[in-house]
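As a plain string of letters, each chain reads:
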Amino acid sequence: MEEKRENWGSKFGFIMAAAGSAVGLGNIWRFPYLAGTNGGSAFIIIYLGCVFTIGLSIMTAEFAVGRKSGLSAVGAYMSVSKNWTFAGVLGVLSGFLIMGFYPVVGGWATAYMFKSVTGLLKDASAVGDAFGAFISNPVQPLIWMGLYMVLNIIIVARGISSGIELASKVLMPALYVMLFIIIVRSVTLPGAGAGLAFLFKPDFSMVTGKTFLAALGQAFFSLSLGMGCMITYGSYLKKDQNLPNNAAIVVSMDTSVALLAGIAIFPAVFAFGLDPGAGPGLVFVSVPLVFAHMGAVGPILSFIFFTALMVAALTSSVSLLEVVVAYLIDQRKMKRVNAVIITSVIMIIMCVFASLSLGVMADKPIPILGVGAFDLFDILTDKIFLAIGGLLLAVFIGFVMKKEDLKKELTNEGTIKFGAFELWYNFTKFVAPVLIAIIAISGIISMKDKVALMLFGVGIIVVSALFSKKFK
Ligand code: PFF
């Protein structure tokens, strides 16, 4: 017997869940280090440009496609055109790829919550080495990752309204409160102004083609776009919800958290004379170093910061899990619990490889591709899959779906106003695909040192397109 498909319980619950998906490691871990290594404010301006044009239009499109079909990514595409099944399949694959490394970092954040109050900060000079030693340890990060995965599994197994929605309604407001506490301390440090200038005074001398790719890739990753996540979340929305409005709220919330994370981190980093361009280690090395210099409040603030990071990551990784789980429920008619177990097992196996690739397997990169599993999953999604997913969705909206159907969906059958419909439609149809293609192709070309990796990524896409006929 088929079970009735679930819905979000309330508008607030949906917004918290969708913003929970968007706000994650991308905002608090990735955004600050990308800004730090790409020239600060100039990167931020380009990033904001990508978010409020391409990001907003694709998010609106994903909500529309999801709610119209009432199905997760694969079914949503398939219900309009069987030839487009592959675009949904690609989304599910991207979900797996991100899930192959995301919980590893989620596990680090969980570990750092506890390390913050158990002596990590006692000796500031050892903080950097401690991180290197921790992530390359063959066992420790796996245990924390396992713990983090258990939380994911519990939430997703409980379903939409009493699992994901409930968790997000509690955790998202808590995240804002925690960030504000850190910000108050950070911006009141002597010398904090230099950090704010770094964030908000544009210096375009560091902008290159790569900056645009980094900004666009980050926009897709941060807004959870290009892999059917927002299609899936949209599919649980009731018909009376205002989609363009919800998209604007979610995009704004995501952007606000990225900026708040920057305001929490950079003033403190500058105040203590640390390097803003420290890269992926920024949050796990520079930030604890800052707290180590703060005396008695250091461990408490550090605990709050890493709890915020863990909470942000959790509400995102449950959405990644949900993309695959929803596919198995909708298309394969599986029970939710079974779908969660199967998906989690595959994800845990991928994550074990990703975690070990930073430690015991660090000197054994995957032959020919030249990178370890962690970097493989990260680069493939960030540089290829999400952008191609977004591009396909834009083309699908513009050239496969009927304009009339979209208009009906976005205006709730004409009962609400969406004044910018024509603008949205034409931008999504004509401008977004071209912009995404230019930025993505130039990005792929700029990865000259990773030709095999790029070919591998494109190969997966072609193979999944060929095999997608088998998906039902
Ligand atoms: N948006 C999440 C973040 O910024 O951390 C990552 C993510 C979640 C990407 C879900 C894609 C997705 F479908």
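Note that the coordinates shown come from a computational prediction; the quantities given were computed from them, not determined experimentally. (Residues numbered from 1 in each chain as written. Predicted model: local features only at pLDDT ≥ 70, side-chain atom pairs only at ≥ 80, totals over all residues. Heavy atoms only, no water.)

**So, the overall build of the protein chain**
- Within the protein chain, the regular secondary structure consists of 20 helices and zero strands.
- Against the 2.2 N^0.38 benchmark of 23 Å for 472 residues, the protein chain shows a C-alpha radius of gyration of 21 Å, consistent with a compact globule.
- Each of the three principal axes of the protein chain carries a C-alpha extent, and together these read 60 × 45 × 45 Å.
- Taking all 472 residues of the protein chain together, the buried fraction comes to 59%.
- For the protein chain, the exposed surface amounts to about 17600 Å²; the carbon and sulfur share of it is 70%. (Helix = DSSP H or I, 4+ residues; strand = E, 2+ residues; numbered from the N terminus. Rg over C-alpha atoms; globule rule 2.2 N^0.38 Å. Buried < 20%, exposed > 50% of the residue type's maximum accessible area, 1.4 Å probe, protein only. Areas by Shrake-Rupley, 256 points an atom, 1.4 Å probe, with all protein chains shown as cover.)

**Some points on the packing of helix α13 (residues 243-271) against helix α14 (residues 282-292)**
- For the pair α13 and α14, the least separation of the axes is 9 Å and the interaxial angle reads 60°. The pairing of α13 with α14 is recorded here as oblique in orientation. The interaxial crossing formed by α13 with α14 has left-handed handedness. Residue-level contacts link I265, F266, A268 and V269 of α13 to L282, V283, S286, V287 and V290 of α14.
- Of the residues assigned to the contact of α13 with α14, the class counts are eight nonpolar, one polar and no charged. (Axes fitted to C-alpha atoms, helices over the stretch in contact; angles between N-to-C directions. Parallel < 35°, antiparallel > 145°, perpendicular 65-115°, else oblique. Left-handed = near helix turned anticlockwise from the far one by under 90°. Contact = heavy atoms within 4.5 Å. Nonpolar A, V, L, I, M, F, W, Y, C, P; charged D, E, K, R; others polar.)

**Notes on the site of the ligand**
- Around the ligand, 16 residues are found, and the nearest of them are A22, G26, Y102, F221 and M227.
- Here an oxygen atom of the ligand sits 2.7 Å away from a polar atom, N or O, in the main chain of G26.
- Between the ligand and S224, the relevant distance is 3.0 Å, taken from a nitrogen atom to a side-chain nitrogen or oxygen of the residue.
- Coverage of the ligand by the protein amounts to 100% of the 340 Å² it exposes when considered alone.
- Counting residues per element, the ones that place at least two in the shell around the ligand are α1 (11-22), α2 (25-37), α11 (209-222) and α15 (297-332).
- A class-by-class count of the residues in the shell around the ligand yields eight nonpolar, eight polar and no charged. (Near = heavy atom within 4 Å. Polar contact = N/O pair within 3.5 Å; in protein donor to acceptor, adjacent residues only side chain to side chain.)

**Topic: the packing of helix α3 (residues 41-69) against helix α17 (residues 373-400)**
- Relative to each other, α3 and α17 sit at 65°, their axes nearing to 10 Å. Classified by chirality, the crossing of α17 by α3 is left-handed. On the side of α3, the interface is formed by I58, A61, E62 and V65, while α17 contributes G390, L393, A394, F396 and I397.
- Tallied by class, residues from the contact of α3 with α17 come to seven nonpolar, one polar and one charged.

**Regarding the pattern of salt bridges**
- Taken as a whole and assessed by the stated rule, the structure comprises 10 salt bridges.
- Here K364 ties to D363 by a salt bridge, and the two come within 3.9 Å at their closest N and O atoms.
- D363 gets classed as exposed once you look at its relative accessible area, which sits at 60%.
- With a shortest N-O distance of 3.1 Å, D382 and K383 are connected by a salt bridge.
- For D382, a relative accessible area of 13% gives the class buried. (Salt bridge = Lys/Arg side-chain N within 4 Å of Asp/Glu carboxyl O.)

**A short note on the packing of aromatic side chains**
- Scanning the entire structure with this criterion turns up 34 aromatic pairs.
- A centroid spacing of 5.3 Å and a plane angle of 50° characterise the contact between F31 and Y47, whose relative ring orientation is tilted. Of this pair, F31 sits in helix α2 while Y47 sits in helix α3, and the two are 16 residues apart along the sequence.
- Classification of F31 as buried rests on a relative accessible area of 1%.
- By relative accessible area, which is 1% here, Y47 ends up buried.
- Between Y112 and F284, the ring centres sit 5.4 Å apart and the planes meet at 80°, which makes this aromatic pair edge-to-face. With Y112 in helix α6 (residues 102-116) and F284 in helix α14, this pair connects stretches of sequence that are 172 residues apart.
- Overall, the relative accessible area of 0% leaves Y112 in the buried class.
- Ring pairing ties together the aromatic residues F101, W108, Y112, F131, F134, F284, F291, F305, F306 and F374, which thus form one cluster.
- Sitting over the ring of F221, R30 keeps its end group 4.3 Å from the ring centre.
- Sitting over the ring of F399, K429 keeps its end group 4.8 Å from the ring centre. (Phe/Tyr/Trp six-rings, centres within 6.5 Å; stacked < 30°, edge-to-face > 60°. Lys NZ or Arg CZ within 6 Å of the ring centre and 35° of its normal.)

**Looking at helix α7 (residues 127-136)**
- Among all positions of α7, only V127, F131, F134 and I135 are buried. One face of α7 carries all of its buried residues, which in axial projection span an arc of 85°.
- Buried residues belonging to α7 abut α6, α8 (140-157), α14 and α16 (336-356). (Arc of directions from axis to C-beta.)

**Considering the environment of D254**
- When you line up the elements, D254 lands in helix α13.
- Not counting residues within four places of it along the chain, the set of residues in contact with D254 comprises A22, V23, N27, Y47, S222 and L223.

**Focus: the confidence of the model for the protein chain**
- Looking at the protein chain, pLDDT values average 93 and 99% of them are 70 or higher.
- Per-element mean pLDDT across the protein chain ranges from 84 in helix α20 (residues 451-467) up to 98 in helix α18 (residues 403-410). (pLDDT = per-residue confidence, 0-100.)

**Regarding α17**
- At T381, α17 shows its maximal bend, which comes to roughly 45°.
- With 21 of 28 residues buried, α17 is to be regarded as a mostly interior element. (Bend = angle between axes of the 7 residues up to and from the residue.)

**A word on the side chain of T110**
- Turning to its location among the elements, T110 is positioned in helix α6.
- Given a relative accessible area of 4%, T110 falls into the buried group.
- Ignoring any residue separated from it by four or fewer positions in sequence, one finds T110 in contact with W144, L147, Y148 and M310.

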